[in-house]
Every structure is written in C-alpha cells, then in structure tokens.
Amino acid sequence: MKKYNVIVVGGGHAGIEAASASAKMGCSVLLLSPDIDSIGKLSCNPAVGGVAKGILVKEVDALGGLMGKITDQAAIGYRTLNKSKGKAVWATRAQVDMFSYPQLAKKYLEENKNIDIIQAKAEKIIKKGKKVLGVKTNLGQDFFSGCVVIAAGTFLKSTIHIGLNSFSGGRISESSSDKLFDSIKSLGFKTKHFKTGTCARLDKRTIDFSKMRKQPPEDDVSPFSFFNEKINKNRASCFITYTNKKTHRIIKNNLKSSPLYTGKIRSQGVRYCPSLEDKIIKFSQKDKHQIFIEPEGLDSFEIYPNGISTSLPLEVQIKFIHSIAGLEKAKMFRPGYGIEHGLIDARQLFPTLESEKYSGLFFAGQVNGTTGYEEAAAQGLIAGINAALAQGGKKPFILKRNQAYIGVLIDDLTKKGTDEPYRMFTSRCEFRLSLRESNADLRLGLLGYRLGLLKKQDYQLIENKGKQIKRIKNKLKKRKSKKRANKKTLFDLLREPQVTFFELNKEIKEDAIPFEVQSEIEIDAKYAGFLRREKAWLKELKNLDKIKLPKIDYYQINSLSKEVREKLSKFRPESLGEAFRISGITPAAILTIYNFIKRKQKK
C-alpha cells in the first residue's frame, strides 16, 4: 500500500485548499471523499464572497489558493458591496454557477500529479501513541501518511430535519460519517453539535419575476483572483422579493411542527443567518424580511431563494412560499432542511490547526465550528500548508491578527473557541482598514511565493504593482500643484475628500495606471490618520489585561450588539483583556467599552 505525505478527508472547500496547498509544496496527497462527484459542491447558496468573506477569498488567492480562481471561472455575475462608503471597505461578491464550480474544482485537483483522489469514506483514525499514522476506510482499506487533515464539513454524525421527520445525513441524499466522529471522540477530543440549514430550491419557470425588483450584475468590478485580468462575461440577474404578514402567520401557526421550536433540534444555530421561523419569532416587530432570488446556473432552471432557510414540514414550506410575491405558483425541486452536525472544540488546536493531542492530525472547516465556504477554504489552506511544512520538518506557518483576516479567524477559533457557528465579520478584526481586499496580494503575496504556492510570474505581478504604487506615491509627495495657490504636495491634496487621483494624474501625466494602483494610493492618502490609529491600537491591545472593568450594566451601552451584551452580562469579565478572550466579543466592542469607562471616570 502506497504511503502518502498527507491524507485529506473530505472534498469540500477546506479539503480542496488543503490538498492543493500540500501538493503544490511537493507532498504526495490522498484526497478521500465519499462521493468524488461532490467535490467542491456548494451545499448552500450559489455565491462566494461578500463583506469580510471577500477578504478571506482574496487572501487565499494571494497565498496561492484556488477559491478565487475557481470563482472567476464559474461566476455569472459580480457586485461590489459597501460602495456608498470609502474604497477601503468595498467588498466583492460573485454569483456562481453551482454546477460548473464543482467541475472546475475537481479539475484543478485532478491536474495536480501529486494528488490521488479516491472515493471512500474514512471511518477510523489510525495512530500509534501520540502520532497519527493514517486512516481506515469503509472499504476495509488502510491508508498511511505522515499527516491527516480532517475536513469533513457537516458530515460528522449529522442529522437532517424536515418537520418532525429526521434522518441521518451530511447533506440531503448523502450519508453521515458517524464512525469517523466516534473515532475522533475516542481519541479524547471534546465534541459537540451545531445546527445549520438551507432553503428549498424552486423551478425558475414557475416564478413571476415581474412582481420582484431586478438586481442586475455590475460591469465595473475586479475579478476575485489577482491573477485574472477580466471577469467572466456570462451574466445572470438576481431578484428581490419579501415575506409578508401572511407568510409570518402561516409559520407561526405551524411552529408545533417545527423541530426548532418543539425541542427536537437542541444544537446552537447560526446567529446571523437564522432560519425563517427563527427570524419571524425573534424579530416579531418586522412585517417583512428580504429574499434574494438567486440563479443556481446559466443552464439550470433551479433557483435559490436566499433568506427562507427552514426546517418546517414540506407542506408548510410550500404554503408559505406561495404567500410570497412572485412565488404564488412556484414549484419546489428540493425541500429546505435543518441539519445538526458534529464538530470539535477548536481550542484543542494549535494556530497551525494541528491537534495539541496528536502530532500530524489537523482539522479544518466546519469541523472547527465555522459556517461558510470562505471560512472553510481559509482554514483548509493553512492546514494544508502546515501539514506540508511538518513533513519537511520546517517552521510552521502562522498568520497574526494584524497580518490577515485569516489570522483573526484562526486566532478566534483556537484561543476563544466558539459557542455558535462562527462567521467572519469586519467587526471581528481590529485592523480592518489595514487589511483590505485590495491589498491582500501586497500583504501576503511574498509569503505565498516563499512557500512555493505562487509561481514566479504571478509573484512578479504583485511585486510590480507594489513598485508602481511606491514610485507614483513618491512622485505625488515631491510635486506641488501648479493649478492651486496653496503649497501642498499633490499627495497632501489627495487627502482631501473631494480630490480624486484622476484629477491629480493630469499634473503628473502618468499613462495607463491600473485602477487598483490608483485606488491603493488614494486609500493610503485619505485613510492615513485612521491607519495611524490602528497601529496605535496594536500597542494598546498588549495592555488590555491591565484595564480593570467596574460593575457595568452592559444593556445601557446601546452601541453594543445584542450578542456582546448577552455574553458580557453572563461571564462578567474583570478586565478588558478577559472580555476580549470571550467568543463573539469583537475589537469594536472592546473599544466601545474602553471609551465608556473613560467617560464615566471623567464624570
């Protein structure tokens, strides 16, 4: 039997990035998947990116990962979010073809000669003492390796709920990995279950789009991958509709058949992406909730109604869907469902995502308590990199919080843990103006190149961009405007809100400056003060344990989120440092509390 350097269990977004990274770094890799046709499958919505999540995709790309490249090839429309705000916080989101995305992902893996893909289900982790040796499969095969990456997604001892009916499964019509979960538990890991879910899929031909607001894709957007020059020309529009009082009444009248409200589902669900029944009960003051009608592919009649995730019975789903404008005659291809899936407490992992208990055993993706394709891909990349480095006896690769959103994600998981499905937000990052989508390549490209994940020609593109930014910035700093009476440099003028780079370029006369270069220079100028403040905040973070917290009624601080108020009131931390180590407490919340204390001290 062939021995591999790395075995990756699972072919979701975490598994894809882990396998690709290890293989690019020269390791022999075995990817095990219960169904190799499901590699890269988009289990939930047909989109990649968004606020904070888009930064993760860009960072994965800058380090040599695959998600950005696959997204650009499968994209059927892009939008830039936060465009009403400054360029520093713009966010990219792409609608993707759910059917071509997995095909492209699988092709990337198949084309790498260092990767073997085998259809089998890992059932047991083989170990000797505190060292992992490989895995045993449901087909009776033993595969041996130096490292194993568990990237099993929602498949660990999972239960699907549709109304009061429930059955084992990691995705509808796909079986759960119960024996693997039992094997992980038997090794002494702390485990639990979280709840997530998805919505029904509808037949496009039975939807009345004239009753909805059209949201066409945008043209003036950049690709997700820094190494792609153009976006995919294939386009499809989304549409927007809303639930209404009738929808809400139907759901309220059927809570007796909801597994969520009868206690059948006991696991913690996603706070910021709740099921429709949860939204209607928890936000009872709202008369309507927005629904994005998203195409699942250019050649598919399947539609994803984003915003109506549910685990209600099939007949109730049909009834409430028919109460929504434009969906009165909609036919259902697949029902929505809730799913409870197993995971480990990620505080049992090093920041490399390697287990503290067993050397060579890594965990990545939803098995660590996250939700979302992008969070999974980021973890898979880091696990794959570190598995490869471990095989070569090299120093581990760890990103810090001030280097990347990936660093924030993994630091939160491995130090704070999470008591609910973790989703990346900009508020979780204390350096969100420094860590932008637009500069992910400049921040991380050299690291990706040194790891062997980026080709020389790809890194040269990043290097040239950096040199161009530096050269033009210096030019702006040295030259004064001939068209203005004041003696400010052009760079100082660029700090002013109403002044654009385009206007100043007429004075320096540079030809064909790429948009991304212009944007970076403009951001550096206009956000200079804020960026200095972030550097000062980095020093303050080291002193948080010294700042003691008096008795505070956190519910009186209106600017804190409900989650933050709940957790601070429950745990009653004695210092800001202790508060910051609580799962879900964001840097923005810490700063708010710090300012609140200072104001009280002045009174």
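Caption draft 1: The side chain of Glu496, seen in detail. Relative to the assigned elements, Glu496 resides in the loop between helix H13 (490-494) and helix H14 (501-508). At 2.9 Å, the side chain of Glu496 and the side chain of Lys488 are in polar contact. Other than its neighbours up to four places away in sequence, Glu496 contacts Arg484, Lys488 and Lys526.

Caption draft 2: Representation of helix H9 (residues 373-391). Its 19 residues give H9 an end-to-end C-alpha distance of 27 Å, which sits within 8% of 27 Å, the value for a rise of 1.5 Å per residue. Across the 19 residues of H9, 17 count as buried, placing the element largely inside the fold. Downstream of H9 by one or two residues, Gly393 has phi in the positive range, about 65°.

Caption draft 3: Broad picture of unusual backbone geometry. The backbone of Ala52 sits at a positive phi, close to 70°, despite the residue not being glycine. Assignment of secondary structure puts Ala52 in the loop between strand E3 (47-49) and helix H2 (53-62). With a phi close to 45°, Lys157 is a non-glycine residue in the positive phi region. Tracing the sequence through the fold places Lys157 in the loop between strand E9 (142-150) and strand E10 (159-162).

Caption draft 4: Layout of the sheet that holds strand E12 (residues 191-198). Across the sheet, four strands lie side by side as E11-E10-E19-E12; this open sheet has antiparallel pairing. Every interior strand has two partners, whereas the edge strands, strand E11 (165-168) and E12, have only one. Mean inter-strand twist for the sheet, computed between neighbouring axes without regard to direction, equals 25°. Relative to strand E19 (residues 337-344), E10 runs antiparallel, the two sharing three bridges. Paired with Thr159 across the strands is Glu340, a residue of E19. Along the sheet, helix H5 (residues 178-186) contacts E11, E12 and E19; its crossing angle with E12, the most-contacted strand, is approximately 145°.

Caption draft 5: Looking closely at the state of the cysteines. Counted by the stated rule, this structure contains zero disulfides. Free of any disulfide, Cys44 has its nearest cysteine sulfur in Cys199, 6.5 Å distant. You can call Cys44 partly exposed: its relative accessible area is 24%. Here Cys199 falls in the buried class, since its relative accessible area comes to 0%.

Caption draft 6: Focus on the packing of helix H1 (residues 13-24) against H9. Look at H1 against H9: their axes get within 7 Å of each other, and the N-to-C directions meet at 30°. If you check the angle between H1 and H9, you find them roughly parallel. Crossing hand, H1 versus H9: right-handed. Where H1 abuts H9, its residues His13, Ala14, Glu17, Ala18, Ala21 and Ser22 lie against Tyr373, Ala376, Ala377, Gly380, Leu381, Gly384, Ile385, Ala387 and Ala388. Here the residues of the contact of H1 with H9 sort into 10 nonpolar, four polar and one charged.

Caption draft 7: Region of interest: the sheet that holds strand E17 (residues 302-306). Reading across from one edge, E14-E15-E16-E17-E13-E18 is the order of the six strands in this open sheet, with antiparallel pairing throughout. The strands lining the two open edges of the sheet, one partner per strand, are strand E14 (213-215) and strand E18 (332-334). Sheet twist, expressed as the mean angle between neighbouring strand axes with direction ignored, is 35°.

Caption draft 8: Quick peek at the pairing of strand E1 (residues 3-9). Where burial is concerned, most of E1 is hidden: five out of the seven residues are buried. Across six bridges, E1 lies against E9 in parallel orientation. Directly across from Tyr4, in E9, lies its bridge partner Ser145. For E1 and strand E2 (residues 29-33), the ladder comprises four bridges, and the chain directions are parallel. Residue pairing for E2: Ile7 is matched across the bridge by Leu30.

Caption draft 9: Representation of empty space enclosed by the protein. Within the structure shown, the criterion is met by three cavities of 30 Å³ or more. The space that makes up the largest cavity amounts to roughly 60 Å³. For the largest cavity, the full set of lining residues is Asp412, Lys416, Gly417, Thr418, Glu420, Pro421, Tyr422, Arg428, Glu563, Lys567, Ser583 and Gly584. The set of elements that each furnish at least two residues to the lining of the largest cavity consists of helix H10 (405-416) and helix H17 (562-571).

Caption draft 10: How the structure looks around the packing of aromatic side chains. Across all of its chains, the model carries five aromatic pairs by this definition. Arranged with centres 4.9 Å apart and planes meeting at 10°, the rings of Tyr449 and Tyr459 form a pair that is stacked. Note that Tyr449 is positioned in helix H11 (residues 440-451) and Tyr459 in helix H12 (residues 456-478), a separation of 10 residues in sequence. What makes Tyr449 partly exposed here is its relative accessible area of 30%. Between Tyr527 and Phe530, the ring centres sit 6.1 Å apart and the planes meet at 50°, which makes this aromatic pair tilted. Taken together through their ring pairs, the aromatic side chains of Phe189, Tyr358 and Phe363 make up a single cluster. Between Lys83 and the ring centre of Trp90, over which it is positioned, the NZ or CZ distance is 5.7 Å.

Caption draft 11: Summary view of the environment of Leu381. Looking at the element boundaries, Leu381 is found in helix H9. For the pair Leu381 and Ile16, spaced 365 residues apart in the sequence, the C-alpha separation amounts to 8.4 Å. Excluding residues that lie within four positions of it along the chain, Leu381 makes contacts with Glu17, Ala18, Ala21, Val60, Leu63, Gly65 and Leu453.

Caption draft 12: Structural detail: the environment of Leu187. Mapped onto the fold, Leu187 is located in the loop between H5 and E12. C-alpha of Leu187 to C-alpha of Lys130: the two residues are 57 residues apart in sequence and 9.7 Å apart in space. Excluding residues within four positions of it along the chain, Leu187 makes contact with Ile125, Lys127, Lys357, Tyr358 and Leu361.

Caption draft 13: Examining the layout of surface pockets more closely. Estimates place the volume of the second largest pocket at around 940 Å³. Contributions of two or more residues to the lining of the second largest pocket are made by strand E5 (91-96), H12 and helix H15 (515-526). Within the lining of the second largest pocket, the residues separate by chemical class into 13 nonpolar, nine polar and 10 charged.

Caption draft 14: Structural detail: the pattern of salt bridges. In this structure the tally under the stated criterion is 39 salt bridges. Salt-bridge contacts for Glu174 lead to Arg171; the nearest nitrogen and oxygen are separated by 3.0 Å. You'll find Glu174 and Arg171 in the same group, each marked buried. Here Asp419 makes a salt bridge to Lys567, at a shortest N to O gap of 3.0 Å. Of the two residues, Asp419 is situated in the loop between H10 and H11 and Lys567 in helix H17; the sequence distance between them amounts to 148 residues. Assessed through its relative accessible area of 33%, Asp419 is described here as partly exposed. Bridged by salt links that share partners, the residues Arg271, Asp419, Glu420, Glu563, Glu566 and Lys567 form one connected network.

Rules used in this analysis
- Residues numbered from 1 in each chain as written.
- Predicted model: local features only at pLDDT ≥ 70, side-chain atom pairs only at ≥ 80, totals over all residues.
- Heavy atoms only, no water.
- Helix = DSSP H or I, 4+ residues; strand = E, 2+ residues; numbered from the N terminus.
- Polar contact = N/O pair within 3.5 Å; in protein donor to acceptor, adjacent residues only side chain to side chain.
- Contact = heavy atoms within 4.5 Å.
- Expected span 1.5 Å × (residues − 1).
- Buried < 20%, exposed > 50% of the residue type's maximum accessible area, 1.4 Å probe, protein only.
- Pairing = 2+ DSSP bridges.
- Axes fitted to C-alpha atoms, helices over the stretch in contact; angles between N-to-C directions.
- Disulfide = S-S within 2.5 Å.
- Parallel < 35°, antiparallel > 145°, perpendicular 65-115°, else oblique.
- Left-handed = near helix turned anticlockwise from the far one by under 90°.
- Nonpolar A, V, L, I, M, F, W, Y, C, P; charged D, E, K, R; others polar.
- 1 Å grid on protein atoms, 1.4 Å probe; cavity = no way out; pocket = protein on both sides within 12 Å on 5 of 7 lines; lining within 4 Å.
- Points joined across faces, edges and corners; volume = space filled by probe spheres on them.
- Phe/Tyr/Trp six-rings, centres within 6.5 Å; stacked < 30°, edge-to-face > 60°.
- Lys NZ or Arg CZ within 6 Å of the ring centre and 35° of its normal.
- Salt bridge = Lys/Arg side-chain N within 4 Å of Asp/Glu carboxyl O.

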